[in-house]
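Chains, contacts and geometry: an overview
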Amino acid sequence: MNPGNFRHKTQLSVKTTTQRSDYGDIEVSSTTSHNIYARVKWLPGSEQVNAEVVQLIKNVEFTYRFSSVTEIIDRIDTIKYLGDTFIVKSIQYSGHANQQFVVIKGQTAQ
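Residues numbered from 1 in each chain as written. Predicted model: local features only at pLDDT ≥ 70, side-chain atom pairs only at ≥ 80, totals over all residues. Heavy atoms only, no water.

Tallied over the full model, the rule gives two salt bridges. We note a salt bridge from arginine 39 to glutamate 61, for which the minimum N-O separation is 4.0 Å. Of this pair, arginine 39 sits in strand β2 (residues 26–50) while glutamate 61 sits in strand β3 (residues 53–65), placing them 22 residues apart in sequence. One salt bridge connects aspartate 84 with lysine 58, and the closest N-O pair in it is separated by 3.0 Å. Taken together, the residues aspartate 84 in strand β5 (residues 84–94) and lysine 58 in strand β3 connect sequence positions 26 residues apart. Classification of aspartate 84 by relative accessible area gives buried; the value is 12%. The class for lysine 58 is partly exposed, based on a relative accessible area of 24%. (Salt bridge = Lys/Arg side-chain N within 4 Å of Asp/Glu carboxyl O. Helix = DSSP H or I, 4+ residues; strand = E, 2+ residues; numbered from the N terminus. Buried < 20%, exposed > 50% of the residue type's maximum accessible area, 1.4 Å probe, protein only.)

Okay, structure coming up:
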């Protein structure tokens, strides 16, 4: 993969969860933001009707180089890119020994 493809600046918001001792519920205790460059590929979008309102669903694929930050990404985390906040839908590790690239598919509703 060409290094020039990783030119889009994104902001990863990694959430830390803790389990409450009283009822055992899991809650978000803190959020850490990291600015990382990625390769961005736009995927076909769709429309969704929610409470009689039509929403545009944007789908995008982010490819990151494997690092200590991308290793801890989970499905509860979000990615900000060009003013939109994308929810992580899938995470795939690829490359040599599954530790070269991280491909994340994200989705947002507007």
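On to the pairing of β3, then. In this structure, β2 lies alongside β3, joined through ten bridges in antiparallel fashion. Each residue of the ladder has a partner; that of lysine 41, found in β3, is glutamate 61. Hairpin connection of β2 to β3: two residues between the antiparallel strands, including alanine 51 at a positive phi of 55°. (Pairing = 2+ DSSP bridges.)

All told, the structure shown has seven aromatic pairs when counted by the stated rule. Judged by centre distance (6.2 Å) and plane angle (40°), the rings of tryptophan 42 and tyrosine 81 are tilted. Of the two residues, tryptophan 42 sits in strand β2 while tyrosine 81 sits in strand β4 (residues 78–81), which places them 39 residues apart along the sequence. Residue classification places tyrosine 81 among the buried residues on the basis of a relative accessible area of 7%. Geometrically, the ring pair formed by phenylalanine 62 and tyrosine 81 is edge-to-face, given 6.0 Å between the ring centres and 85° between the ring planes. Of the two residues, phenylalanine 62 is situated in strand β3 and tyrosine 81 in strand β4; the sequence distance between them amounts to 19 residues. Of the two residues, phenylalanine 62 and tyrosine 81, neither departs from the other in class, the shared state being buried. Taken together, the aromatic side chains of Trp42, Phe62, Tyr64, Tyr81 and Phe86 make up a single cluster linked through ring pairs. (Phe/Tyr/Trp six-rings, centres within 6.5 Å; stacked < 30°, edge-to-face > 60°.)

Moving on to unusual backbone geometry. Its identity as a non-glycine residue notwithstanding, alanine 51 has a phi of 55°, on the positive side. Even without being glycine, glutamate 52 reaches a positive phi, approximately 60°. Looking at the element boundaries, glutamate 52 is found in the loop between β2 and β3. With relative accessibility at 80%, the residue glutamate 52 sits in the exposed group.

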